[in-house]
Amino acid sequence: MTIIYQYKVATTSLGGFVKLLAAWRGSVYKLMFKEMMIFGGAYTLISITYRLGLSLEQKLIFEKIVQHCDTYTSLIPVSFVLGFYVSFVVKRWWEQFMNVPWPDRTLFIMNTYLHSDDDRARIMRRTVARYMLLSLIIITRSVSVAVMKRFPSTDHIIQAGFATKEEIEIFENTKCKYNKFWVPLMWANNILVQARRERKIENDFGLRMIIEQLATFRDKCSLCFVYDWITIPLVYTQVATLAVYIFFATCLLGRQYLDPNKGYPGYDLDLYIPLFTMLQFFFYMGWLKVAEQLINPFGEDDDDYEINWLLDRHTEVAFSLVDQCYGKYPGLVQDKFWN
Amino acid sequence: MTIIYQYKVATTSLGGFVKLLAAWRGSVYKLMFKEMMIFGGAYTLISITYRLGLSLEQKLIFEKIVQHCDTYTSLIPVSFVLGFYVSFVVKRWWEQFMNVPWPDRTLFIMNTYLHSDDDRARIMRRTVARYMLLSLIIITRSVSVAVMKRFPSTDHIIQAGFATKEEIEIFENTKCKYNKFWVPLMWANNILVQARRERKIENDFGLRMIIEQLATFRDKCSLCFVYDWITIPLVYTQVATLAVYIFFATCLLGRQYLDPNKGYPGYDLDLYIPLFTMLQFFFYMGWLKVAEQLINPFGEDDDDYEINWLLDRHTEVAFSLVDQCYGKYPGLVQDKFWN
Amino acid sequence: MTIIYQYKVATTSLGGFVKLLAAWRGSVYKLMFKEMMIFGGAYTLISITYRLGLSLEQKLIFEKIVQHCDTYTSLIPVSFVLGFYVSFVVKRWWEQFMNVPWPDRTLFIMNTYLHSDDDRARIMRRTVARYMLLSLIIITRSVSVAVMKRFPSTDHIIQAGFATKEEIEIFENTKCKYNKFWVPLMWANNILVQARRERKIENDFGLRMIIEQLATFRDKCSLCFVYDWITIPLVYTQVATLAVYIFFATCLLGRQYLDPNKGYPGYDLDLYIPLFTMLQFFFYMGWLKVAEQLINPFGEDDDDYEINWLLDRHTEVAFSLVDQCYGKYPGLVQDKFWN
Amino acid sequence: MTIIYQYKVATTSLGGFVKLLAAWRGSVYKLMFKEMMIFGGAYTLISITYRLGLSLEQKLIFEKIVQHCDTYTSLIPVSFVLGFYVSFVVKRWWEQFMNVPWPDRTLFIMNTYLHSDDDRARIMRRTVARYMLLSLIIITRSVSVAVMKRFPSTDHIIQAGFATKEEIEIFENTKCKYNKFWVPLMWANNILVQARRERKIENDFGLRMIIEQLATFRDKCSLCFVYDWITIPLVYTQVATLAVYIFFATCLLGRQYLDPNKGYPGYDLDLYIPLFTMLQFFFYMGWLKVAEQLINPFGEDDDDYEINWLLDRHTEVAFSLVDQCYGKYPGLVQDKFWN
Amino acid sequence: MTIIYQYKVATTSLGGFVKLLAAWRGSVYKLMFKEMMIFGGAYTLISITYRLGLSLEQKLIFEKIVQHCDTYTSLIPVSFVLGFYVSFVVKRWWEQFMNVPWPDRTLFIMNTYLHSDDDRARIMRRTVARYMLLSLIIITRSVSVAVMKRFPSTDHIIQAGFATKEEIEIFENTKCKYNKFWVPLMWANNILVQARRERKIENDFGLRMIIEQLATFRDKCSLCFVYDWITIPLVYTQVATLAVYIFFATCLLGRQYLDPNKGYPGYDLDLYIPLFTMLQFFFYMGWLKVAEQLINPFGEDDDDYEINWLLDRHTEVAFSLVDQCYGKYPGLVQDKFWN
C-alpha cells in the first residue's frame with residue numbers, strides 16, 4: 001500500500017520531517033534491517049578476529065590493509081552514480097504511474113452521447129465499462145504480481161464478474177500469440193459502432209468522441225506493457241549497485257578501529273562500534289533502496305502502487321457513473337448568488 | 001499565503017537579492033527559528049559540560065571523540081542527497097500547481113454556444129458554473145487543510161451557496177464509497193445534454209466543445225487527488241531527512257571548540273560560538289525546509305497555495321463571466337489605426 | 001533589451017566565447033560592478049587595519065581568526081546550492097517566455113473563416129485583433145514594470161488606440177475585483193458569435209476553430225498571471241542567496257594575506273590583492289546574478305524580455321495580417337519545377 | 001534482446017539488487033570483459049618491468065613518475081562529465097523508444113469507420129495495415145542493423161509478404177533521392193480516400209480520424225529518421241570518452257605499488273593486484289558502457305530494442321485486429337453487478 | 001554537416017567509443033587545436049623565462065607565486081558550472097531542432113482532401129507546397145548564416161524557383177517592418193479557401209485539417225525566430241566561459257614545474273611538459289566547446305544542422321508528395337497472409 005504521510009507535514013513546524021523518521025511501514029529501516037544486520041555481523045566478526053585471533057605479525061599486515069582500504073573508500077564515486085541513477089528511476093516511476101489508464105474520462109463522455117433509458121442501452125453502457133475494466137485487468141495481470149495473485153486464472157476473472165464464460169472463450173480463440181489486452185477494447189469499439197447504427201448514439205460527434213477516448217485508454221494500457229518491457233538498462237542498475245556494495249565491502253576492512261597504542265595517525269580512539277560507517281550505510285543503502293523500490297512499482301512493496309485498490313475503485317466508480325448517474329441532475333433552481 | 005517578492009527584484013540592482021534576506025514572513029528564519037534554538041541550546045550544554053563539568057581524564061576522552069566526529073562529518077553526502085531530492089520536490093510542486101483546475105476555459109466556451117437570454121438558459125449557465133465550483137470544493141476539501149477548515153461540513157457548503165440542500169442529498173445518496181467529486185460534474189454534463197435537446201445549444205459542435213473542456217476539468221480534479229494519493233516515496237524523504245539530522249547531530253560534538261592550550265592541530269582558537277556551524281545549519285536545514293514546505297503545497301504554510309483565495313477568485317470570475325459578460329460587447333467602430 | 005550574441009558565435013572558431021567576454025551591455029561585469037567595489041573596499045579596509053592599526057597581540061588574534069575562517073569557507077556548499085537553484089530558475093524562465101501569448105495563430109485562422117469584404121466584416125476582424133492586444137496589455141501591465149510605465153493609466157491605452165473610451169467604461173463597470181484581462185476576450189468571443197449569426201463565418205467549423213484558438217490565447221494570458229503569482233518559494237531563494245553572501249563574508253576575513261614572516265603554513269606570499277578571491281567572487285556572484293536577472297523576466301534588466309517591443313510587433317503584424325493580407329494571393333502560375 | 005529483470009526485483013527484499021549482480025547476459029561484466037583484460041595485462045606488464053627490469057636509478061625515476069601520476073588522477077573530473085553525459089544519453093534513449101511508431105491506434109480507429117464485410121473492404125483494411133508495416137520496415141531498415149540483416153534487399157520484403165513485386169516497382173519508380181518511407185503511407189492514404197468515395201467509410205468524421213492517426217504514424221517514422229540523423233554531438237561523446245580513457249591511462253602508472261622499503265608515504269603495502277583500481281575501472285568504464293549501449297538502441301547489443309520482435313508483434317496484431325476482430329463482439333448480456 | 005557516427009557504435013564491442021577518438025571532422029581536437037597551441041606556447045614561454053631568464057631572487061618569488069596559484073586552481077568550480085551549463089545548452093539545442101518545421105504532414109493531409117486531376121488543382125497543390133518552402137527559406141535566412149549565403153538576395157530565391165518575381169514584389173509591398181515570413185503562408189491559406197469555394201476541397205473537414213496543419217507549420221517557423229531572438233542569457237554564458245578561461249590562466253603559472261633541487265613538497269619531478277594540465281585542458285575546454293558549438297546550431301560548424309540539406313530534402317519530397325504520389329496506389333490484391 002502506498003504510504004501516505006503528507007498530512008503529517010502539511011504545515012511546516014518544529015521538527016518537521018522528524019515525525020516521519022519514526023514511521024516503520026514503508027520506512028528505510030524496515031527495508032534495510034536485514035542488510036544492516038549482515039553488515040554489522042561481518043564487521044564485528046572481522047573486528048573480533050583482529051583483536052583476538054591474529055598474531056602480532058598478522059596484526060601488522062592487517063593494520064596496513066585497513067589503512068590502505070580506508071584511503072581508497074573515498075575513490076568510489078557513490079554519491080554521483082546514485083544521485084543521477086535514483087533521479088532517473090524516480091522520474092520514470094512517476095511517469096509510469098501517470099500512464100496507468102483510468103476509465104473515467106471515456107465513461108464521462110459516453111454518458112453525454114449514448115442515450116436511451118431502455119435496458120439494451122443500459123447493457124451497452126455497462127458492457128463498455130466492463131470491457132475497459134477487463135482490459136485493464138488483463139494488462140495489469142501481466143505486469144503486477146499483486147493482480148496476478150488476485151486473478152491467477154481466467155476463471156477468477158469470470159467469478160469476479162468482469163467477464164462471462166462465453167467472453168473468455170472468444171478471447172482465448174482470438175489467434176495472436178502476443179498480449180491480447182486490446183481484444184475487449186475492440187469489442188467495446190464494435191458495440192459502440194452498433195449503438196450508433198441503432199441511433200442510440202445520436203450523431204457522429206458522439207461516436208467520434210467516445211472512440212477517441214477509448215483509443216487513448218488502449219494506448220495507456222499499451223504503455224503499461226511498454227514500461228514493463230523496456231526497463232532501465234541492466235548495466236546502469238548494475239553499475240549503481242556495484243558502487244554501493246563494493247563501497248561497503250571496502251568499509252568492512254577500511255573502517256576497522258585499530259589499536260590506539262600503535263599510534264597510527266587518525267586511529268587514536270577505539271569506539272568498537274563504527275557509528276559513522278553505520279550511518280553512511282543508512283544513507284547510501286537507503287538511497288539505493290529508493291531505486292530498488294521504485295524500479296518495479298507494480299510489486300508488493302509497502303510503497304508500491306495499489307493496483308488492486310485502483311481496480312476496485314475503477315469498478316465501483318465506473319458502474320456508478322454509467323448507471324446511477326446517467327441522465328440525472330437536481331432540479332434547476334436559481335442559486336444563492338442570483339442578482 | 002504565497003509570498004510575492006518578485007517586484008522587489010524585477011530589475012537587477014546593487015544588492016539584488018539582499019533585500020529578500022530581510023523578509024520574515026515565509027522566510028527561512030521563521031521556518032527554522034525553533035530548530036536553531038534547540039541546536040544552539042544543545043551545543044551550549046555540551047560546551048559548558050566540557051569546560052566545567054568534566055575531569056581531566058574525561059576531557060581527554062571527550063577531545064578524542066570530538067576530533068573523531070569532526071573527521072567524519074565530511075563523509076555524509078548531505079549536498080548530493082539534498083540537491084537531487086529538493087530538485088525533485090520543487091519540480092513536483094510546480095506540476096501540482098499547474099494541475100489545479102481552473103473553470104475559466106470551460107465557461108468561456110460555454111458562453112459561445114449556450115445561447116438564449118431567458119431565465120432557464122441563464123440558470124443553466126450559472127448552474128454548470130456552480131457545479132464546477134462545487135466539484136472543486138469537494139476535491140480540495142479532501143487534500144487541503146485550509147479548505148477543510150473553511151467547509152468543515154456539507155452544511156457550510158450549502159450556506160456558502162455552492163449547493164442546495166436537495167443537491168447535497170442527491171450527492172450523498174450516490175452509492176460509491178470512493179471520492180465522489182465527479183458527481184456534480186456529471187450533473188453539469190447532463191444539464192448540457194438537456195440544453196442541447198432544448199436547442200439552447202444550437203449545434204453538436206457546441207455540445208462537444210463544452211463537454212471536452214468539462215472532461216478536462218474533471219481530469220484535473222482527479223489529478224489533484226492522485227498527487228495527494230501518490231506522494232514522494234517515504235524512503236526518499238527519510239534518507240534526505242536522516243542525512244541532514246545526523247549531520248548536525250555529529251556536528252554537536254565534532255564542532256566543539258577544544259582547549260587551545262592542548263595544542264591539537266586546528267584547535268588553536270576558541271570562539272565559544274560556532275559561527276560557521278550555525279551558518280551551515282542555515283543552509284542545509286533551510287534547504288531541507290524548502291522540501292518540507294513544498295511537499296504538501298495545500299497546507300497552511302506561509303508559502304502554500306492559497307486554495308481559498310483561488311476558490312473566491314473562481315467564484316467571482318465564473319459568475320461574472322457566464323452572466324454579466326454573456327453576449328455583450330461594445331459597439332463596433334472603426335479603430336484608430338484604420339487606414 | 002534582450003542581448004543577442006549568437007551571431008558572434010555562430011561558427012566555432014579560435015577563441016570562441018572569448019569575444020563574448022568583452023561585451024558590456026547585459027554582461028556579468030555590469031551587473032556586479034558595484035558589489036565588487038563594496039567587496040573590494042571592505043577587504044582593503046580590513047587589510048589596512050591589520051597591517052597598520054593593530055597591536056602585536058591583536059594581530060596574533062586576528063591571524064588566528066583568519067586561519068580559522070579560511071578552513072571553514074570550504075564547508076559552505078555554494079556550488080551545489082547554486083547549481084540546482086540556477087538550473088531551476090533558468091528552466092522556469094524559458095517556460096515563462098514560451099507561455100507569453102502570441103495572437104498570430106488565432107488571426108491566421110480567423111482569416112480562413114471570417115469572410116466578406118465589406119466594412120462591417122473588416123471592423124469585426126480588426127476589433128477581434130484589437131481586443132486580443134488589449135487583453136495582452138492589461139495582463140502584461142500587471143506583471144511588467146516596463147509595460148506599466150508605458151501605459152500608466154487606461155487613458156494611455158485609449159490614446160494609443162487599443163481601446164475606445166466607451167470600451168474602457170464597459171470594462172471598468174464589469175463587476176469583478178480580480179484581474180479582468182479576460183473581459184475583452186469575452187467581447188471578441190461575442191463578436192465572433194455575432195459574425196456566425198450574420199453568416200460572415202460561413203460554418204460551425206470556422207467558429208469552433210477561432211474560438212478554440214482564442215480560448216488558448218486566454219489560457220496563456222492566465223498563465224502569465226500564474227507565473228507572476230506563484231514564484232519560486234522565497235525560502236529557496238533565501239537559501240541560495242545566504243550561501244553566496246555568507247561565503248564571501250567569510251572570505252573577507254579568511255582570505256586576508258598574513259605577514260609571511262610569521263611562517264604560517266600557506267602564508268609565505270603577500271600579494272596584497274586577493275586575485276583568486278576576486279575571481280571566485282566573479283563566478284559565484286555572477287552565477288547568482290543569472291538567477292537574479294531571470295527570476296522576474298518582465299523587469300527592465302538588460303536581458304529581460306522586451307514586452308514593449310513584442311507589443312509593437314504584435315500590433316503591426318496583427319493589423320497587417322487581418323487587413324492587408326486578408327483574402328489576397330498572387331496569381332496562380334506553374335512553378336519552375338513543373339515537369 | 002532487451003534484458004528483463006524487473007520481476008526479480010518486484011518486491012524489495014534482503015539483498016535486493018544483489019541478485020542482479022549475478023546476471024551475465026547484458027551485464028556490465030560481459031560488456032567490459034575484454035577492456036578489463038587489456039587494462040589488467042598492461043598494468044601487470046608495467047608492474048613486472050618495474051620490479052624486474054629496471055636498474056636502481058631507473059626505479060627512482062619511475063617511482064617519482066608514479067607518485068606524480070597518482071596526484072593528478074584526482075584532477076580529472078570523470079564523475080561530473082559522466083554523470084551529466086550518461087544522464088543525457090539515457091533520457092534520449094527513452095524518448096527515442098517512445099517515438100517508435102505502433103500501428104495499433106490507427107487500425108483500432110479504422111475498424112470503427114471502414115465498414116462492410118465484402119472482400120474489397122477486407123482487402124482495403126488489410127492493405128492499409130500492410131502498408132503501415134511496410135513503411136515501418138523501410139524506415140527501420142535504414143536505422144537498425146538487425147532489421148537490415150533480416151531484409152537485406154527488397155526481394156526479402158516481397159518474400160516475407162509485406163509487399164508485392166508490383167508495389168516495390170512503383171516504390172522504386174517514385175523519383176526522390178531521399179528516404180521514401182512515406183510512399184506506402186501515401187498509398188494507404190489514397191486507398192482510404194477511395195474507400196470514402198465508395199461509401200465504405202460512411203462519413204467524413206471517419207476519414208478524418210483515420211487520416212489523422214496515419215499522419216501521426218508517419219511523423220513518428222520521420223522521428224525515427226531524425227533521431228538517427230542528428231545524434232549526440234560527437235564532441236560531447238569524445239569529451240566523456242577521453243575523460244575515462246585518460247583517467248585509466250594515468251592509473252596504469254599512478255596506481256602501481258612501489259617498494260614499501262623505500263618508505264614513500266602511502267606506499268607501505270604491496271598488494272601486487274590493484275584491487276581498488278580494478279573496482280574503479282568497473283564503475284567508470286561501466287558507466288561509460290551504459291552510454292555506449294544506449295547511444296544507438298537499434299544495434300544488436302544484448303540490451304538494444306528488439307525491432308525485429310516488434311515487427312513480428314505488429315504484423316500479427318495488425319492482421320488479427322483488422323480482420324479477425326473486425327465487427328465482432330460477444331452477445332450483450334446483463335453483467336453480474338446488475339442491480 | 002552533422003557528424004554521423006552511431007553506426008560505428010551500433011553494437012557495443014571491445015574498445016567501443018575508442019574508435020570515435022580517431023575522428024577528425026567535428027572532433028574535439030579540430031575544435032581546440034588552436035587554443036591548445038596558444039596555451040602550450042604561453043606555458044613554454046613562461047617555463048623558459050623561469051629557467052633561463054630570472055635571477056635567483058626573482059626565481060624565489062616566482063616559485064612562491066607558482067605554489068600560491070597551484071593551491072587556488074582547485075577553488076574554481078569549473079566542473080559544476082560547466083556541468084549545469086552544458087546540460088542546459090544541450091537540452092535547448094535538441095528542442096530547437098525538434099521545432100524546425102517540416103512540411104510533410106501538411107502536404108500529406110492536403111493530398112487527402114484537395115482533389116481533382118486538372119491543372120488548376122495541381123497548381124494549387126504545388127503552390128501551397130512552394131509557399132511553405134518559401135516561408136521556411138525566409139525564416140531560416142534570418143537565423144542561419146549558411147542559408148543566407150545560399151540566398152543572399154530575393155533574386156536568388158526567384159532564380160532557385162521558390163518564388164516568382166511578382167510574388168516577391170507583393171511580399172515586399174506588404175507593409176510590416178517585422179519579419180514577414182508568415183506572408184506566403186497567408187497566401188497558401190487564401191488559396192485553400194479559394195479551393196474550398198471551387199469545391200476542389202470537397203468538405204469543411206478537409207479545409208479545417210489542412211489549415212490546422214498549416215497554422216502549426218507557421219507556429220514552428222515562429223519558434224525558429226523565437227529561439228534565435230531569446231538566447232541563453234549572456235551572463236550565464238559569460239560565467240561559464242570565465243570559469244574555464246581563468247582556470248587555465250591560473251594553470252599557466254600554477255602548473256609550472258619548479259626546480260626539484262629546491263625541495264618544495266610535490267615538486268620533486270621535472271617533466272618539462274605538463275601532460276596532465278594539457279589533458280585537463282582537453283576536458284574542460286572540450287566541454288565548453290560542446291556548448292560553443294550547440295549554442296547556435298544554425299551556423300556552419302562541422303556539427304551544426306544542415307539547413308540547406310534539409311531545404312533540398314523538403315523541396316524534393318514536397319513536390320514528389322503532392323504531385324507524383326497524388327491519388328495513386330498499387331492495385332488492391334489479396335496479401336500473402338490472406339487466410
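Our subject is the structure listed above.
Residues numbered from 1 in each chain as written. Chains lettered and ligands numbered in written order. Predicted model: local features only at pLDDT ≥ 70, side-chain atom pairs only at ≥ 80, totals over all residues. Heavy atoms only, no water.

1. Describing the overall build of chain A
At step 1: Assigned secondary structure in chain A consists of 14 helices and zero strands.
At step 2: Radius of gyration (C-alpha) of chain A: 29 Å, far over the 20 Å computed for a compact globule of 339 residues.
At step 3: If you line up chain A on its principal axes, its C-alpha atoms span 95 × 65 × 30 Å.
At step 4: Pairs at least 24 residues apart make up 75% of the contacts formed inside chain A by residues separated by at least 6 positions.
At step 5: A total accessible area of about 11500 Å² is found for chain A, and carbon and sulfur atoms account for 60% of it.
At step 6: Here chain A contributes 36 positive and 34 negative side-chain charges, whose respective centroids are spaced 3 Å apart. (Helix = DSSP H or I, 4+ residues; strand = E, 2+ residues; numbered from the N terminus. Rg over C-alpha atoms; globule rule 2.2 N^0.38 Å. Contact = heavy atoms within 4.5 Å. Areas by Shrake-Rupley, 256 points an atom, 1.4 Å probe, with all protein chains shown as cover. Lys, Arg positive; Asp, Glu negative; His and termini not counted. Charge placed at Lys NZ, Arg CZ, Asp CG, Glu CD.)

2. Concerning the interface of chain A and chain D
Note: interface size is frequently given as the accessible area lost on complex formation between the parts.
At step 1: The partner chain D presents 92 residues to the 103 residues of chain A that form the contact.
At step 2: Interface of chain A and chain D: buried area, both sides summed, is about 9000 Å²; carbon and sulfur atoms make up 69% of it.
At step 3: When the area that chain A buries against chain D is broken down by residue, the three leading residues are Tyr-178, Trp-229 and Leu-234 of chain A, summing to 9%.
At step 4: Remark: the boundary between chain A and chain D carries four salt bridges.
At step 5: Ionic pairing is found between Arg-218 of chain A and Asp-104 of chain D, a salt bridge with its closest N-O pair at 3.4 Å.
At step 6: For the pair chain A and chain D, the number of links is 18 residue pairs in polar contact (both at pLDDT 80 or more).
At step 7: The element that contributes the greatest number of residues to the side of chain A that touches chain D is helix α11 (residues 204-229) of chain A, accounting for 18 residues. (Buried area = accessible area lost by both parts, 1.4 Å probe. Salt bridge = Lys/Arg side-chain N within 4 Å of Asp/Glu carboxyl O. Polar contact = N/O pair within 3.5 Å; in protein donor to acceptor, adjacent residues only side chain to side chain.)

3. So, the arrangement of the chains
At step 1: Across the gap from chain A to chain E, with no contact made, the nearest C-alpha atoms are 12 Å apart.
At step 2: Chain B makes no contact with chain E; the smallest distance between any of their C-alpha atoms is 12 Å.

4. Things to note about the relation of the copies chain B and chain A
At step 1: Once chain B is rotated about the relating axis by 72 degrees and shifted along it by 0.0 Å, it coincides with chain A to within an RMSD of 0.0 Å. Between the two chains, the operation in question is that of a five-fold axis.
At step 2: Comparing interface residues between copies, only 6% of those in chain B also sit at the interface in chain A, which points to a heterologous contact through distinct surfaces. (Least-squares fit on C-alpha atoms with pLDDT ≥ 70 in both.)

5. Thoughts on the side chain of Lys-59 of chain C
At step 1: Along the chain, Lys-59 of chain C falls in helix α3 (residues 56-73).
At step 2: Aside from chain neighbours lying at most four places away, what touches Lys-59 of chain C is Tyr-50, Arg-51, Leu-54 and Lys-262 of chain C.

6. Some thoughts on the relation of the copies chain A and chain D
For the pair of chain copies, the relating operation is a rotation around an axis with a shift along it.
At step 1: You can overlay chain A on chain D at an RMSD of 0.0 Å; the transform is a turn of 72 degrees with a shift of 0.0 Å along its axis.
At step 2: Interface overlap between copies: only 6% of the residues of chain A at the interface are likewise at the interface in chain D, consistent with a contact formed by different surfaces.

7. Focus: the packing of helix α9 (residues 165-173) of chain A against helix α10 (residues 183-197) of chain A
Residue and element names in this part refer to chain A.
At step 1: Here α9 crosses α10 at 115 degrees, and the two axes come no closer than 10 Å. Taken together, the axis directions place α9 and α10 in an arrangement best described as roughly perpendicular. When the axes of α9 and α10 are compared, the crossing they make is right-handed. From α9, Glu-167, Ile-170 and Phe-171 reach across to α10, where they touch Val-183, Pro-184 and Trp-187.
At step 2: A breakdown of the residues in the contact of α9 with α10 according to their chemical character gives five nonpolar, no polar and one charged. (Axes fitted to C-alpha atoms, helices over the stretch in contact; angles between N-to-C directions. Parallel < 35°, antiparallel > 145°, perpendicular 65-115°, else oblique. Left-handed = near helix turned anticlockwise from the far one by under 90°. Nonpolar A, V, L, I, M, F, W, Y, C, P; charged D, E, K, R; others polar.)

8. A look at unusual backbone geometry
Residue and element names in this part refer to chain A.
At step 1: Its identity is not glycine, yet Arg-199 carries a phi of approximately 65 degrees, on the positive side.
At step 2: Checked against the element boundaries, Arg-199 lands in the loop between α10 and α11.
At step 3: Its relative accessible area of 56% is what places Arg-199 among the exposed residues. (Buried < 20%, exposed > 50% of the residue type's maximum accessible area, 1.4 Å probe, protein only.)

9. Some details on a nonpolar patch on the surface
Residue and element names in this part refer to chain A.
At step 1: Where nonpolar side chains cluster on the molecular surface, the patch consists of Trp-24, Phe-33, Met-37 and Ile-38 and spans about 460 Å² of accessible area.
At step 2: Mapped onto the secondary structure, Met-37 falls in helix α2 (residues 28-53).
At step 3: For Met-37, a relative accessible area of 54% translates into the label exposed. (Patch = residues over 30% accessible without salt bridge, like charges linked within 9 Å, V, L, I, M, F, W, Y side chains within 5 Å.)

10. With respect to the interface of chain B and chain A
At step 1: On the chain A side, the residues contacting the 103 residues of chain B number 92 residues.
At step 2: Summing the contributions of chain B and of chain A, the shared interface buries around 9000 Å²; its carbon and sulfur component is 69%.
At step 3: Broken down residue by residue, the surface that chain B buries against chain A is led by Tyr-178, Trp-229 and Leu-234 of chain B, which jointly contribute 9%.
At step 4: The interface formed by chain B and chain A contains four salt bridges.
At step 5: The residue Arg-126 of chain B makes a salt bridge to Asp-335 of chain A at a minimum N-O spacing of 2.8 Å.
At step 6: Connecting chain B to chain A are 18 residue pairs in polar contact (both at pLDDT 80 or more).
At step 7: Of the residues forming the side of chain B that touches chain A, the biggest block, 18 residues, is contributed by helix α11 (residues 204-229) of chain B.
At step 8: Here the residues of the side of chain B that touches chain A are counted per class, giving 55 nonpolar, 22 polar and 26 charged.

11. Topic: helix α14 (residues 307-324) of chain B
At step 1: Along its 18 residues, α14 of chain B runs 25 Å from first to last C-alpha, staying within 8% of the 26 Å computed at 1.5 Å per residue.
At step 2: α14 of chain B sits mainly inside the fold: 13 of its 18 residues count as buried. (Expected span 1.5 Å × (residues − 1).)

12. Focus: the environment of Glu-292 of chain A
Residues and elements named next belong to chain A.
At step 1: With respect to the helices and strands, the residue Glu-292 is situated in helix α13 (residues 275-294).
At step 2: Here Glu-292 falls in the buried class, since its relative accessible area comes to 1%.
At step 3: A sequence separation of 261 residues divides Glu-292 from Leu-31, and the C-alpha atoms of the two residues are 9.9 Å apart.

13. Quick look at the packing of aromatic side chains
At step 1: Under the definition given, this model contains 118 aromatic pairs over all chains.
At step 2: With centroids separated by 6.1 Å and ring planes inclined at 35 degrees, the aromatic side chains of Trp-94 of chain B and Phe-97 of chain B adopt a geometry described as tilted. Of this pair, Trp-94 of chain B and Phe-97 of chain B both sit in helix α4 (residues 78-98), three residues apart, which is roughly one turn of that helix. Phe-97 of chain B shares its class with Trp-94 of chain B; the two are buried.
At step 3: Ring centres of Phe-39 of chain E and Phe-248 of chain E lie 5.7 Å apart, and the angle between their planes is 80 degrees; this geometry places the pair in the edge-to-face category. Linking Phe-39 of chain E in helix α2 (residues 28-53) with Phe-248 of chain E in helix α12 (residues 234-254), this pair joins segments that are 209 residues apart in sequence.
At step 4: Under the relative-accessibility criterion, Phe-39 of chain E is labelled buried at 6%.
At step 5: Phe-248 of chain E gets classed as buried once you look at its relative accessible area, which sits at 3%.
At step 6: Pairwise contacts between aromatic rings join Trp-93, Trp-94, Phe-97 and Trp-309 of chain A together with Tyr-178, Phe-225, Tyr-227 and Trp-229 of chain B into one cluster.
At step 7: Directly above the ring of Tyr-326 of chain D sits Arg-125 of chain D, whose terminal nitrogen or CZ lies 3.6 Å from the centroid. (Phe/Tyr/Trp six-rings, centres within 6.5 Å; stacked < 30°, edge-to-face > 60°. Lys NZ or Arg CZ within 6 Å of the ring centre and 35° of its normal.)

14. Observations regarding the side chain of Asp-323 of chain E
Residues and elements named next belong to chain E.
At step 1: Tracing the sequence through the fold places Asp-323 in helix α14 (residues 307-324).
At step 2: Within the structure, the side chain of Asp-323 is placed 2.3 Å from the side chain of Arg-126, a separation counted as a polar contact.
At step 3: The contacts of Asp-323, once residues within four sequence positions are left out, are Arg-122, Arg-126 and Lys-328.

15. Looking at the state of the cysteines
All names here are of chain C.
At step 1: Tallying each qualifying case throughout the model produces zero disulfides over all chains.
At step 2: Not engaged in a disulfide, the cysteine Cys-69 finds its nearest cysteine sulfur in Cys-251; these two sulfurs lie 9.2 Å apart.
At step 3: Classification of Cys-251 by relative accessible area gives buried; the value is 0%. (Disulfide = S-S within 2.5 Å.)

16. Describing the pattern of salt bridges
At step 1: For the structure shown, the criterion picks out 100 salt bridges over all chains.
At step 2: For Lys-177 of chain B, the salt bridge identified is with Glu-316 of chain A, shortest N-O distance 3.5 Å. Placement of the pair is Lys-177 of chain B in the loop between α9 (165-173) and α10 (183-197) and Glu-316 of chain A in helix α14 (residues 307-324), with the two residues belonging to separate chains.
At step 3: Overlapping salt bridges bring together Asp-104, Arg-105 and Arg-313 of chain A together with Arg-218 and Asp-219 of chain B as one network.

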